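These are the residues of each chain, in order.
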Amino acid sequence: MTSTVHPTPVEAVRLADPYPFYARLVAERPFAFDEALGAWVAADAAAVRAVLGSGALRVRPVAEPVPAGIAGTAAGEVFGELVRMTDGAAAARLKGAVAGALARADLGRAAALAARYTREALARGGEVPYEELMFGVPARVVAALSGLTDGADREAARAIGDFVRCLPASATRDDHRAAATAATRLRELLGPALTAAATAPVPEPAAPSTPAPGPSAGGFASVAAYPAGQAGGLLRELVVAAERSGLPHPGPLLSNAIGFLSQTYDATAGLIGNTLVALARGADTPDTGALVREVVRYDAPVQNTRRFAAEPFTHAGSTVEPGQQLLVLLAAANRDPAVNPDPHALSPGRVNPVVFTFGAGAHRCPGGELATTLATAVVTELRTAGWSTTATPAYRPLANARIPLL
Ligand code: HEM
């Protein structure tokens, strides 16, 4: 039975209020080995920053780059090519392309689509379809930004829900099977969209803010600067950014196009849900965008992430040995009083907050702006429609995403 007095840092993710527990860790055990977890736990801002900044620590165990349950399946092939799940020079170049594409995502179009899909869902009447608003709408918008339309956006949104089932360490054989089927389907859906994005004609004139592309390294049709938001949108930007980085072939791009959807899915659902919980608990600012941005820090939808030591790593006098695992408590570090004054206050409009929710260092999330844009649009539409609730939610039984069951 889970104890709410002494939870593990993994159990804390789904407590109604994990923050007193995190605060004790920050104050008393900012970087320590947790026997129950069999892992080092980084809790304060200094430890989290050091861990995420270290090249000695990797996102996957050296001996198991792809989880055994999906190795050799389509899901395993996608997983093994994701920038999120790989380290090294090739991953860093790919990350540049992924981040370059997301930096040019058409946020205005994303907000307009999220608002429209939310209004359409609410117009059907009846109970508020939280599941659809939290998971379905953001995934559909990212699918639409990736060039999927006419129902393919909905299908991709459904399939990505199956694909992410393979990500937790607790995934079952059924989860692995569902993820493999979903990965195959997502490749079928996004493959032609990626090809179309790579071969689309180049319009005149190019957007003034776009640097000229570098020489082609082969593998793509010749691409050039392209105004954000046109023909193929996010995937076009991905192809352009990849060519600019001299990436040799399009293979990993398809996996990382699927990655746009998988990275959106749980995390953005959590941000929408946690913002609704903040409103239910009395947050009363009219500025929904400021509220969403503060909820990112105050009640992080991604509470923790993991690292695996490939080489020795020393912080604050403790040494992590190769092969050992680390749990990085992003949500605890967000409330470290050493970096954020009055950290337990929900203060929309907080000046220069230090926020770890989107990670830091080489694997820092490149989708933060898109995620807050989507969440703000969905919550704004709900508030405009007169939404209110006082319900105290339970949370999904997940190990790193904090997602209320509304
Ligand atoms: C509230 C929503 C989101 C949160 C809280 C979030 C959080 C994170 C975190 C913590 C990481 C780093 C993980 C680590 O270092 O171990 C990450 C990575 C990443 N995120 Fe997000 N994310 C969100 C939404 C998105 C969206 C909407 C996209 C794109 C459509 C996105 C794309 C990515 C990618 C591509 C990576 C991998 C980066 C790398 O490994 O270099 N994220 N995200």
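Since we're looking at a predicted model, the values are computed, not measured.

**Let's talk about the site of the ligand**
Line of reasoning, step 1. Ala 267, Gly 359, His 363, Cys 365 and Gly 367 are the nearest of the 26 residues found near the ligand.
Line of reasoning, step 2. Elements with a minimum of two residues in the shell around the ligand: helix H4 (89-103), helix H10 (251-280) and helix H13 (368-384).
Line of reasoning, step 3. Among the elements that take part in the shell around the ligand, H10 stands out by supplying 7 residues, more than any other.

**What about the pairing of strand S1 (residues 31-34)?**
Line of reasoning, step 1. Strand direction decides the pairing type here: S1 and strand S2 (residues 39-42), joined by 4 bridges, are antiparallel. By the bridge assignment, Asp 34 is partnered in S2 with Ala 39.
Line of reasoning, step 2. Joining the antiparallel neighbours S1 and S2 is a turn of 4 residues, in which Gly 38 adopts a positive phi near 70 degrees.

**Digging into the packing of H10 against H13**
Line of reasoning, step 1. At a minimum axis separation of 9 Å, H10 and H13 run at an interaxial angle of 45 degrees. Between H10 and H13, the angle is such that the two are oblique. The hand of the H10/H13 crossing is right-handed. Contact residues: Ala 267, Thr 268, Leu 271, Ile 272, Thr 275 and Leu 276 in H10; Ala 371, Leu 374, Ala 375, Val 378 and Val 379 in H13.
Line of reasoning, step 2. For the contact of H10 with H13, the class distribution of residues is 9 nonpolar, 2 polar and no charged.

**Quick word on helix H3 (residues 74-81)**
Line of reasoning, step 1. Most of H3 is tucked away: 6 of the 8 residues are buried.
Line of reasoning, step 2. Within H3, burial applies to Ala 74, Ala 75, Gly 76, Val 78, Phe 79 and Glu 81.
Line of reasoning, step 3. Check the buried side of H3 and you find it contacts helix H7 (152-163), helix H8 (173-199) and H10.

The rules behind the values
Sequence order as written defines the numbering, with residues in each chain counted from 1. Totals for whole chains, interfaces and linings use every residue, but because this is a predicted model, local features are given only for residues with pLDDT of at least 70 and side-chain atom pairs only at 80 or more, for both listing and counting. By definition, a residue lies near a molecule or strand provided its backbone-derived C-beta atom is within 6 Å of it. Numbering of helices and strands runs from the N terminus, with a helix taken as a DSSP run of H or I at least four residues long and a strand as a DSSP run of E at least two residues long. Only strands that DSSP links by at least two bridges are regarded as paired with each other. Angles run from 0 to 180 degrees between N-to-C directions of axes, and those axes are lines fitted to C-alpha atoms, restricted for helices to the stretch in contact. Should an angle fall under 35 degrees it is called roughly parallel, over 145 degrees roughly antiparallel, and 65 to 115 degrees roughly perpendicular, with every other angle called oblique. Rotating anticlockwise by less than a right angle from the far helix to the near helix defines a left-handed crossing, while the corresponding clockwise rotation defines a right-handed one. This entry defines residue contacts through backbone-placed C-beta atoms, with two residues in contact when those atoms are within 7 Å. For this classification, the nonpolar set comprises Ala, Val, Leu, Ile, Met, Phe, Trp, Tyr, Cys and Pro, the charged set comprises Asp, Glu, Lys and Arg, and every other residue, Gly included, is treated as polar. Any residue whose C-beta has 12 or fewer other C-beta atoms within 10 Å is treated as exposed, any with 20 or more as buried, and any in between as partly exposed, C-beta atoms being built from the backbone.

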